[in-house]
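Okay, here's what each chain looks like letter by letter:
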Amino acid sequence: MTDVTGVPVQADVLRTLFHSDQGGHEQVVICQDRASGLKAVIALHSTALGPALGGTRFYPYASEAEAVADALNLSRGMSYKNAMAGLDHGGGKAVIIGDPDLVKSEELLLAYGRFVASLGGRYVTACDVGTYVADMDVVARECRWTTGRSPENGGAGDSSVLTAFGVFQGMRASAQHLWGDPTLRGRKVGVAGVGKVGHHLVEHLLSDGAEVVVTDVREESVRRVTDLHPEVSVAVDTDALIRTEGLDIYAPCALGGALNDESVPVLTAKVVCGAANNQLAHPGVEKDLADRSVLYAPDYVVNAGGVIQVADELHGFDFDRCKAKATKIFDTTLAIFARAKADGIPPAAAADRIAEQRMADARRR
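Residues numbered from 1 in each chain as written. Predicted model: local features only at pLDDT ≥ 70, side-chain atom pairs only at ≥ 80, totals over all residues. Heavy atoms only, no water.

Chemist: Got a minute to help me understand the packing of aromatic side chains in this structure?
Modeler: Within a pair of aromatic rings, the relevant descriptors are the distance that separates the centres and the angle that separates the planes. Here the structure, examined in full by the defined rule, presents three aromatic pairs. Ring centres of Tyr-59 and Tyr-61 lie 5.1 Å apart, and the angle between their planes is 70 degrees; on these two criteria the pair is classed as edge-to-face. Here Arg-187 stacks its cationic end above the ring of Trp-179, 3.8 Å away from the centre of that ring. Residue placement shows Lys-196 over the ring face of Tyr-132; its charged tip is 4.5 Å from the ring centre. (Phe/Tyr/Trp six-rings, centres within 6.5 Å; stacked < 30°, edge-to-face > 60°. Lys NZ or Arg CZ within 6 Å of the ring centre and 35° of its normal.)

Chemist: Honestly, the nonpolar core in this entry has me stumped. Any pointers?
Modeler: A general trend in soluble globular proteins is that nonpolar side chains are found buried together. Counting 39 residues, the largest nonpolar core has Leu-38, Ile-42, Ile-96, Tyr-112, Tyr-123 and Val-307 as its most contacted members. Top contributing element to this core by residue count: helix α4 (residues 106-117), with six residues. In this structure, Leu-201, Val-202, Val-225 and Ile-249 belong to the second largest nonpolar core, which totals 30 residues. (Core = buried A, V, L, I, M, F, W, Y, C linked by side-chain atoms within 4.5 Å. Buried < 20%, exposed > 50% of the residue type's maximum accessible area, 1.4 Å probe, protein only. Helix = DSSP H or I, 4+ residues; strand = E, 2+ residues; numbered from the N terminus.)

Chemist: Just checking my understanding: could you explain the environment of Ser-293 for this structure?
Modeler: Take Ser-293: it is sitting in the loop between α10 (285-291) and β11 (295-296). A sequence separation of 216 residues divides Ser-293 from Gly-77, and the C-alpha atoms of the two residues are 25 Å apart.

Chemist: Would you mind showing me how to read the packing of helix α6 (residues 160-179) against helix α13 (residues 319-327) here?
Modeler: Packed helices, taken two at a time, are described by their axes: the angle between them and the distance between them. Where α6 meets α13, the axes come as close as 9 Å, and the angle between the chain directions of the two elements is 30 degrees. Our classification of the angle between α6 and α13 gives roughly parallel. When the axes of α6 and α13 are compared, the crossing they make is right-handed. Side by side, α6 and α13 meet where Leu-162, Phe-165, Gly-166 and Gln-169 of the first sit next to Phe-319, Cys-322, Lys-323, Ala-326 and Thr-327 of the second. Class assignment for the residues of the contact of α6 with α13 results in five nonpolar, three polar and one charged. (Axes fitted to C-alpha atoms, helices over the stretch in contact; angles between N-to-C directions. Parallel < 35°, antiparallel > 145°, perpendicular 65-115°, else oblique. Left-handed = near helix turned anticlockwise from the far one by under 90°. Contact = heavy atoms within 4.5 Å. Nonpolar A, V, L, I, M, F, W, Y, C, P; charged D, E, K, R; others polar.)

Chemist: What is the right way to read the sheet that holds strand β5 (residues 123-127) from this model?
Modeler: To summarise the sheet geometry, strands pair through backbone hydrogen bonds and adopt either a parallel or an antiparallel arrangement. The five strands lie next to each other as β1-β2-β4-β3-β5, forming an open sheet whose pairing is mixed. Two strands in the sheet have a free side with no partner beyond their single neighbour: β1 (27-33) and β5. This sheet shows a mean twist of 20 degrees between the axes of neighbouring strands, independent of strand direction. Both strand β3 (residues 52-59) and strand β4 (residues 90-97) contribute to a ladder of six bridges, which runs parallel. From the neighbouring strand, Thr-56 faces β4, where its bridge partner is Ala-94. Sheet strands in contact with α4 are β1, β2 (38-46), β3, β4 and β5, and its direction is about 30 degrees off that of β2. (Pairing = 2+ DSSP bridges.)

Chemist: Before we go on, may I ask you to explain the sheet that holds β11 in this structure?
Modeler: Reading across the sheet, the six strands line up as β8-β7-β6-β9-β10-β11 and stay open at both edges, with parallel pairing between neighbours. This sheet does not close on itself; its edge strands, each paired only once, are β8 (233-234) and β11. Bridge count between strand β6 (residues 188-192) and strand β9 (residues 249-252): four bridges; the pairing is parallel. Residue pairing across strands places Ala-192 opposite Pro-252, the latter belonging to β9.

Chemist: For this particular structure, what's the right way to read the pairing of β1?
Modeler: Each regular strand carries side chains that alternate between the two faces of the sheet. Taken together, the seven bridges between β1 and β2 define a ladder with antiparallel strand orientation. Within the sheet, the bridge partner assigned to Asp-33 lies in β2 and is Leu-38. Two successive antiparallel strands, β1 and β2, enclose a turn made up of four residues, where Gly-37 displays a positive phi of approximately 90 degrees.

So this is what it looks like as structure tokens:
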């Protein structure tokens, strides 16, 4: 069997879906609207804690099989993220296949909204890579289970602001755990990806007195940062960034898989704490980091500020209330480091244990 690109579709996708360790998803919906060109996958990993909540990624996947795999991985991550953020939401995620710069249209987004609405509230969507507040305003015209909308349309606006704030709290907790002081003053921090979230993170770091080095595949994103802050250094690419001499903290803030068999051995930083989802390329990378004495702040814990914001939108958005919740990411991250030390396991495994326990407790109620 092949997909529309002629690439073989492996049965591994279904085996992953039904394998409890890697999948265990409650529902996966394949969506197609020929009139608008919509091709999408909506994956609901768990609704144990409440309706599944997670963003919509719009990305030019190489194949449909790759898109399904990404939806499965991302939705599973949302279950853990929402559990660790203390939200009464399970995990879900959607991916729309295609280059948003080429195929995104009002008709396509409306069609997507109808598919989300057909789930009757089991899935609440929001922004992710390739989708923005304006897009959610369009989706919301067909689906009331849409967050991340503009303030003019009853929403909370850009969730990247609190995402960056939460990552900053995770960095502060990492500094507290490793160096005994939560300040980043005098620390050299490398940020890979200065788009929606990364450029806000840079502002927090500079305000706290950190020395910042950035890189991004988009030259305009780097230029936006350096025009405002000429003191920020630029690395030619991520490979150069992670090898930067004297780097204290590495913040992956682009797509996933940043921590892999090639990058981990050459990391100069002692802490990894960033906004990207699914930073660990495969199981075992967390142990590789620990073996090199690199402190890893689990991505789905520290980048939860955005999901805290969009979840609050469902109840009448209050920024101060959300920021107070996002501030607690500092305490949650410290608790994970303490659990990891007590159990003799990497922080990623400790976070998983805590999240899984909360979901298991909810299922028993």
